[in-house]
Each structure stands twice: as C-alpha cells, then as structure tokens.
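Reading the structure
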Amino acid sequence: MMASIVARIPVIATLTILWMLLWGGITPLLAVGGVLVGLLVTTVFPFPPVGWKGHVRPWAVVRLVAIFVVDLLAASLQVAWIAVRPSAPPRSAVIRVDMVTRSELLLTLTVELVSLVPGSLLIELDSEHGHVWLHLLDGSTPEKIERARSRALAQERRVIEALGSRAELTACRGEAS
Amino acid sequence: MIIVGTICSVLLSITGVLCIVRIVRGPTMLDRTVATDVFVAASAGAIRIEAAIGRRTSRGAGERSGRAGRGARRRHGRRPAGWSVVIDVIAGALLICGALLATVAAIGIVRFPDLLSRMHAATKPQTVGILLILAGLALRLQDLTDITILCLIAIFQLLTAPVSAHMVGRAAFRTGVERADELTVCEFDAEDAAHADGTAHRDEGEA
C-alpha cells in the first residue's frame, strides 16, 4: 500500500498543481484538497506504468514545439483553403507508415502531433510492430502521399530527438541515412 | 469592439446554421456527432468572445469596477497612451480570425464528401480557431488567474482533439462507413485490422 503511494507521488504532485491552477490560487486548503483529489483519482483510476528510458534534450524540445506550431498554423490554413475553394475537394487516401520507435509514449506523442498537423488523421495503430495507419485529406497524387509519409517520419524523428533513448536515436539516424 | 462583436456573431451564427445542416442531413450517427462537436465548440467560442468584449473576468463584472477596476486604471496609467488601443486591435483581430476558422470548419463539414475528410475540417481549423479566440480573450482580460485557466484549456484542447478524432475515425473505418473504393490508395485491409486487434498474430512479412 505504502509503496504504491510512493510510486504515485509524481502523478499526485502534478494533479495537485493542476488542481491549484484550476482554482486559481495557492492556499494550504487547496494544496490539501489537491493531494486528496490526486490520491482519490489515482486509486479509483489506476494507470498502467509507462515505460520510458529516454532523455529530455531541451534544445530538441524547443525545436519540436516551434516546428509544431508553424505546422499547425500552416495545416489549418491548408485545410481551410480546401474547404472554401470553388473546386471539388480532393480524393483521400489511407497509408501505412512504419515507425522506428516501439515505445508507447513516443508513439502516442508522435501520432498525436501527426493527427493535429499536416492533413493527416490517425485511424489505426499497431504499437507492437510500430505500424500507423493515416488518413490523408489530400491523397490525389502519389507525390502528395509520399510527402505526407516523409512528414510523419520527420515528426517521429523530432520526437525521438527530443525525448527518445540513445538506441532509438541511432536507429532513427541509421534509417534516415 | 462593437464591430468585432458584430462580425464574430455573424460568423458564429453561420457556423451554427451549417452545423445544424450537417446534423440534420447525417447520413450516419458519426457525422452527426462530429457536427455536434463543432456546434458545441462554436457556442463555447461565442461565450468566450462575449467575455472578451465585455471584459468579464472570473471575479465578476461588478467587482471589477471596484478593486480590479482601480488596478486596471493604475496599469493603464503606467503605459503609453496608444498601447491599450494596440492591444485591443490585436485582440479583435485574433477573435475575428478564430471565428472565421470556426466558420471554415463548418463549411468543411458540410462540403466534404466523406466522414474522415469532415473530421479533418473539424480537428484542424477548429483547434486553431479555439486557440486564437483564447489568445484574444487572454489579451483582453489581462488577469493572471484567468490566463492560467485559459492556458489549461488550450493544452487540454490540444491533447484531447486528436484522441476523439482517432476514435471517430477508427469507428468509421471499422464499421465500413468509409468506402475504400473512394480512396486513391488504401494500404489497410481486414488482415491489418485483425493484426492491430491482436486477435491474430501473423508474421510481419505477411502483413
């Protein structure tokens, strides 16, 4: 019992901070309430441990976020243009992308970013083999499909560079070269 | 700010009407769900824009004229005269752009031919639209507590939008709502579905 609580301390601390932010104040009462709510949430909804053996590389994280913001803006303008332009919407495509990483955390992060960014949407995921199926809004030409594929892989590469382990980084570089 | 309010309410009304068109026309339950989602987000956007124009902080409009109002005047006193006008113009532009993107998202969900394309419209321009509206609201409120909460809303929006989009897309693909013959390329078949489920373990080469 005690050991499980100790293991959950980081989560509970995060939840407490979130709780105080939501209430908009830092008082002892809110802190105690936050810890209690954190305990309750982690007890009622136990979460499987997430394996992560990587390192945080601050510079790569900044790069990841910056490129993501630019991509997000560009992607929404692109989709917006497809929605309002006079010609008919393009035909879509479904592609399979084979990811390098097998880490569930990195895979989740990557597909989350890919889903938000460039005209692509996740429809199916096989974390065991690292396969990801994406739906492309504009899959009208083979070039566009290949560009979307390389973009998804580039996104993964940035995530690995930011948060991945050394082994994944070398695997990723080896595949790229 | 009155002009901004008028433009935004016109845009969001169009958004609402377009969403209702899609909700009525369907054709599937999933389409209706997506349209309802955009509709709810547009309503939330309308409330946020209203709050931004009326400068309604979480402390309430009444109290603002007292303690917070004095604080605001003091803050304004320290700034150059034109500064608050510049901030208001930027905030207004952000609000209008946000409402515009919400409208475009609604146009997308009415015009696009199939469910997954509509999901694209519902996830991308919409998310950015909400972020822009939140940014405009933050510039208008200038209240640290409220801005913290706005940041939390933005983060959770970014975290949850792809998850719901994935669930709808997956459901659409599994139930065959999405017709494979309308795609240019389809690298997904029943075998892959079984594989992804973990119900059948075949060699990787076969898949």
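Just so you know, these numbers come straight off a predicted model, no measurement behind them.

Within chain B, the regular secondary structure consists of seven helices and zero strands. Reading chain B from its N terminus to its C terminus gives the helix and strand order α-α-α-α-α-α-α. The proportion of buried residues among the 207 residues of chain B is 44%. Restricting the contact set of chain B to residue pairs at least 6 apart, pairs at least 24 apart contribute 71%. With an accessible surface of roughly 10000 Å², chain B has 66% of that area assigned to carbon and sulfur atoms.

It is worth spelling out the overall build of chain A at this point. Summing up its helical and strand segments, chain A has seven helices and three strands in all. Going from N to C terminus, chain A has its helices and strands arranged as α-α-α-α-β-α-β-β-α-α. Split into buried and exposed, the 177 residues of chain A put 43% on the buried side. The long-range share in chain A, meaning contacts at least 24 apart out of those at least 6 apart in sequence, stands at 68%. Per element, the accessible surface of chain A, about 9600 Å² overall, is 73% carbon and sulfur.

Counting residues in each nonpolar core, the largest one holds 44 residues, and the members touching the most others are A:Phe68, A:Ile123, B:Val34, B:Ile109, B:Phe112, B:Leu116 and B:Met119. Per-element accounting of this core gives the leading share, eight residues, to helix α4 (residues 58-84) of chain A. Excluding its chain neighbours within four sequence positions, the residues that come into contact with A:Phe68 are A:Leu113, A:Leu116 and A:Val117. B:Val4, B:Ala42, B:Ile49 and B:Ala154 belong to the second-largest nonpolar core, a separate cluster that totals 20 residues.

Glancing now at the sheet that holds strand β2 (residues 120-126) of chain A. All names here are of chain A. The sheet built from three strands is open, its strands ordered β1-β3-β2 with antiparallel pairing. Strand pairing shows two members of the sheet lacking a second neighbour, β1 (93-98) and β2, which therefore form its edges. When the angles between neighbouring strand axes are averaged without regard to direction, this sheet yields 25°. In this structure, β1 lies alongside strand β3 (residues 131-136), joined through six bridges in antiparallel fashion. Residue Arg 96 lies in a different strand from β3, and its bridge partner there is Trp 133.

Further remarks concern the side chain of B:Thr127. Within the secondary structure layout, B:Thr127 lies in helix α5 (residues 115-141). Setting aside chain neighbours within four positions, we find B:Thr127 in contact with A:Leu116, B:Gln157, B:Leu158 and B:Ala161.

This paragraph deals with the interface of chain A and chain B. Taken together, the 47 residues of chain A in the interface contact 49 residues of chain B. Carbon and sulfur atoms make up 67% of the surface buried where chain A meets chain B, a total of about 4000 Å² over both sides. Summed over the shared surface of chain A and chain B, the number is zero salt bridges. Here chain A and chain B share zero residue pairs in polar contact (both at pLDDT 80 or more) between them. Contributing elements (two or more residues each) for the side of chain A that touches chain B: α2 (9-23), α4, β1, α5 (104-116), β2, β3 and α6 (142-163) of chain A.

Attention now moves to the pattern of salt bridges. Residues and elements named next belong to chain A. Throughout the structure, instances matching the rule amount to four salt bridges over all chains. The closest approach of N and O atoms between Asp 71 and Arg 158, which form a salt bridge, is 3.8 Å. With Asp 71 in helix α4 and Arg 158 in helix α6, this pair connects stretches of sequence that are 87 residues apart.

This part covers the side chain of B:Asp31. Within the secondary structure, B:Asp31 is located in helix α2 (residues 29-54). Here B:Asp31 is in contact with B:Arg22, B:Gly26, B:Leu115 and B:Arg118, once residues within four sequence places are set aside.

All names here are of chain B. Packing of α2 against helix α4 (residues 83-111) brings their axes to within 11 Å, and their N-to-C directions diverge by 165°. With respect to α4, the element α2 is oriented roughly antiparallel. Judged by the twist between their axes, the crossing of α2 over α4 is left-handed. Within the contact between the two elements, α2 uses Val 34, Ala 35, Val 38, Ile 49 and Ala 52 and α4 uses Leu 95, Ala 99 and Ile 109. When the residues that make up the contact of α2 with α4 are grouped by side-chain class, the tally is eight nonpolar, no polar and no charged.

With that settled, consider the confidence of the model for chain B. Detailed reading of predicted coordinates is not advised where the pLDDT is low. Residues and elements named next belong to chain B. The pLDDT averaged across chain B works out to 73; a share of 72% of its residues lies at or above 70. Predicted confidence in chain B is weakest over helix α3 (residues 61-78), with a mean pLDDT of 45, and strongest over α4, with 84. Taken together, the stretch residues 61-77 has pLDDT below 50 and engages in ten contacts with residues farther than four places along the chain or on a different chain. Below pLDDT 50 for its whole length, residues 198-207 participates in 15 contacts with residues either more than four positions away or in separate chains.

Time to look at helix α1 (residues 2-25) of chain B. All names here are of chain B. For α1, spanning 24 residues, the distance from its first C-alpha to its last is 35 Å, which sits close to the expected 34 Å at 1.5 Å a residue. Of the positions making up α1, those classed as buried are Val 4, Gly 5, Cys 8, Leu 11, Leu 12, Thr 15, Gly 16, Leu 18, Cys 19 and Arg 22. The inward-facing, buried residues of α1 contact α2, α4 and α5. Directly after α1, the chain includes Gly 26, whose backbone phi takes a positive value near 70°.

Analysis parameters
- Residues numbered from 1 in each chain as written.
- Chains lettered and ligands numbered in written order.
- Predicted model: local features only at pLDDT ≥ 70, side-chain atom pairs only at ≥ 80, totals over all residues.
- Heavy atoms only, no water.
- Helix = DSSP H or I, 4+ residues; strand = E, 2+ residues; numbered from the N terminus.
- Buried < 20%, exposed > 50% of the residue type's maximum accessible area, 1.4 Å probe, protein only.
- Contact = heavy atoms within 4.5 Å.
- Areas by Shrake-Rupley, 256 points an atom, 1.4 Å probe, with all protein chains shown as cover.
- Core = buried A, V, L, I, M, F, W, Y, C linked by side-chain atoms within 4.5 Å.
- Pairing = 2+ DSSP bridges.
- Axes fitted to C-alpha atoms, helices over the stretch in contact; angles between N-to-C directions.
- Buried area = accessible area lost by both parts, 1.4 Å probe.
- Salt bridge = Lys/Arg side-chain N within 4 Å of Asp/Glu carboxyl O.
- Polar contact = N/O pair within 3.5 Å; in protein donor to acceptor, adjacent residues only side chain to side chain.
- Parallel < 35°, antiparallel > 145°, perpendicular 65-115°, else oblique.
- Left-handed = near helix turned anticlockwise from the far one by under 90°.
- Nonpolar A, V, L, I, M, F, W, Y, C, P; charged D, E, K, R; others polar.
- pLDDT = per-residue confidence, 0-100.
- Expected span 1.5 Å × (residues − 1).

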